[in-house]
Amino acid sequence: MDYKAFIEARIGFIRDTVGDASAINALSGGVDSSVVTVLGHRALGDRLKTVFVDNALMREGEPQRVNRAFADLGIPVEVVDARRDFLQALAGLTDPEEKREAITRTFYSKVFGELVRKSGAKYLLHGTILTDIEETVAGIKRQHNILAQVGIDPQEAYGYHVLEPLETLRKDGVREVARLLGLPPEITDRIPFPGPALATRIVGEVTESRLATVRAATAIVEEELADTGVFQYMAVLLSDKATGIRNGRREFGEIIVVRSIDSVDARVATAVEVPWETLRRICSRVTEIPGVNRCLYDLTPKPPATIEYV
Ligand code: XMP
């Protein structure tokens, strides 16, 4: 594919479609939404407002990191604190699809609905990629950012149009475009991270304290596996507990699963043979997190597993 021509065509598409109106987009710091942010700003300049929605489900230090990276690119990003909205919407939910649905609803209807009304934007630019659409349409998993393809008319439901300039690309294509747009390696080479964020890595209820546990484990896994160059790695908090011993006393503690997978485009994936020494170090650090007394490594390929747990 000629990615330079793709970039020009998509900038033209955004400019022509939005016309004199204004647009808004949510930046998560991942490669998909970062590419959309740059394409959108090239097409619309300051008629595009870019927001970072803090949904309480982010990794450690994320709002600060994203703000810094885009300040360096000369693109202003407004941080919107929506932590309470998301935590309230997720309270008491354990079913994976209900959790995803609650995140979608909170994001598009409540948080974005309000932002769009306040800003007067007519369009939302979106980082949906082809794999998201295919898996949702196939009924495998409801990706948080799929609307039209599952029969939701965003204009009717939320009062704005959605543009998806990356809908024909897969992850490898998006990275190629990101490099051509001059995004820094910390964004172009970053491992994929799902829109519903750490909620996809908590089996069972998402609460502030369970988020703190999986966030701490995620930071450890990402640090230990940072230079491996594999497709994706993560920590997952299970809903089961296991008996352990801490300071000579019985403890019924949390279980963290570590997953590291190789893949080209996330459609199929295999578990990576992480050196035993590294796994042992991860296990030892993860079981220092308060309340966690077990650390497992997941060997399952996709299929039959998916990459995320929720
Ligand atoms: P699964 O778990 O479906 O993941 O095998 C495939 C790839 O997609 C990412 N993923 C998502 N990305 N919104 C996203 O933007 C989502 O709802 C979502 N769910 C999964 C996942 O991290 C993996 O790279």
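Per chain, residues are indexed from 1 in the order of the written sequence. The model is predicted, so local features are restricted to residues of pLDDT at least 70 and side-chain atom pairs to those at 80 or more, both for listing and for counting; the totals for chains, interfaces and linings are taken over all residues. Hydrogens and water are ignored here; the side-chain numbers use all heavy atoms of the structure.

A look at the pattern of salt bridges
Here, a salt bridge means any side-chain nitrogen of Lys or Arg that lies within 4 Å of a carboxyl oxygen of Asp or Glu. Taken as a whole and assessed by the stated rule, the structure comprises 23 salt bridges. When the shortest N-O distance is used, the salt bridge between Lys110 and Glu114 registers 3.6 Å. Of the two residues, Lys110 and Glu114 are both situated in helix α5 (residues 96-119); the distance of four residues between them amounts to about one turn of the helix. Given the relative accessible area of 39%, Lys110 is considered partly exposed. Salt bridges sharing common partners tie together Arg59, Glu62, Arg65, Glu186, Arg190 and Glu222. Only runs of H or I of at least four residues qualify as helices and only runs of E of at least two qualify as strands under DSSP, and these elements are numbered from the N terminus. Each residue gets one of three labels from its accessible area relative to the maximum for its type: buried under 20%, exposed over 50%, partly exposed in between, using a 1.4 Å probe on protein chains only.

Considering the domain arrangement of the protein
Domain segmentation is taken from an automatic or database assignment of domains. Parsing the protein into structural domains produces domain 1 (3-188) and domain 2 (202-297). Taking only C-alpha atoms, the centre of domain 1 and the centre of domain 2 are 28 Å apart. Counting residues at the interface gives 17 residues for domain 1 and 16 residues for domain 2. The buried area of a pairing is the accessible area, by a 1.4 Å probe, that goes missing from both parts when the two are put together, added over both. For the pair domain 1 and domain 2, the two sides together bury roughly 1,300 Å², of which 55% comes from carbon and sulfur. At the boundary of domain 1 with domain 2, the tally comes to one salt bridge. Between Arg59 and Glu222 there is a salt bridge, with its nearest N and O atoms 2.7 Å apart. Whenever two N or O atoms come within 3.5 Å, that pair is a polar contact, provided that in protein one can donate a hydrogen and the other can accept it, and provided that, for residues adjacent in sequence, both atoms are side-chain atoms. At the junction of domain 1 and domain 2, the tally comes to six residue pairs in polar contact (both at pLDDT 80 or more). Looking at the side of domain 1 that touches domain 2, the elements that each hand over two or more residues are α4 (83-90) and α6 (130-137). Top element by residues in the side of domain 1 that touches domain 2 is α6. It accounts for three residues. Basically, the charged four are Asp, Glu, Lys and Arg, the nonpolar ten are Ala, Val, Leu, Ile, Met, Phe, Trp, Tyr, Cys and Pro, and anything else, Gly included, counts as polar. In the side of domain 1 that touches domain 2, the residues fall into seven nonpolar, three polar and seven charged. Contacts are assigned to residue pairs that have any heavy atoms within 4.5 Å of one another.

A word on the nonpolar core
Ranked by internal contacts, the top residues of the largest apolar core, which has 50 residues, are Val53, Leu57, Phe112, Tyr160 and Val286. Taken together, the elements giving at least two residues each to this core come down to β2 (48-54), α4, α5, α10 (208-224), β6 (232-246), β7 (249-262), α11 (276-286) and β9 (292-297). With eight residues, the top contributor of residues to this core is α5. Residue assignment places this core across two domains, with domain 1 (3-188) and domain 2 (202-297) each supplying three or more. Not counting chain neighbours up to four residues away, the residues in contact with Val286 comprise Ala217, Ile220, Ile256, Val292 and Cys295. Nonpolar cores were defined as sets of buried Ala, Val, Leu, Ile, Met, Phe, Trp, Tyr and Cys residues, with membership established by side-chain atoms within 4.5 Å. In this structure, Val38, Leu48, Phe70 and Val174 belong to the second largest nonpolar core, which totals 34 residues.

What to know about the environment of Pro196
By the secondary structure assignment, Pro196 is in the loop between α9 (185-188) and α10. Residue classification places Pro196 among the buried residues on the basis of a relative accessible area of 3%. Pro196 sits 89 residues away from Phe107 along the chain, and the two C-alpha atoms are 9.8 Å apart.

Side note on the packing of helix α1 (residues 3-18) against helix α2 (residues 31-44)
To describe two helices that pack against each other, one gives the angle between their axes and the distance between the axes. Only the stretch in contact is used when fitting a helix axis, every axis being a line fitted to C-alpha atoms; angles between N-to-C directions are given from 0 to 180 degrees. Between α1 and α2, the least distance of the axes is 9 Å, while the angle of their chain directions is 60 degrees. By the angle between their directions, the pair α1 and α2 is classed as oblique. Remark: the crossing between α1 and α2 carries right-handed chirality. Side by side, α1 and α2 meet where Ile7, Arg10, Ile11, Ile14, Arg15 and Val18 of the first sit next to Leu39, Gly40, Arg42, Ala43 and Leu44 of the second. When grouped by side-chain class, the residues that make up the contact of α1 with α2 number seven nonpolar, one polar and three charged. Each angle is binned into one of four classes, with values under 35 degrees roughly parallel, values over 145 roughly antiparallel, values of 65 to 115 roughly perpendicular, and all other values oblique. The sense of a crossing depends on the near helix, which, turned anticlockwise from the far helix by less than a right angle, makes the crossing left-handed and, turned clockwise, makes it right-handed.

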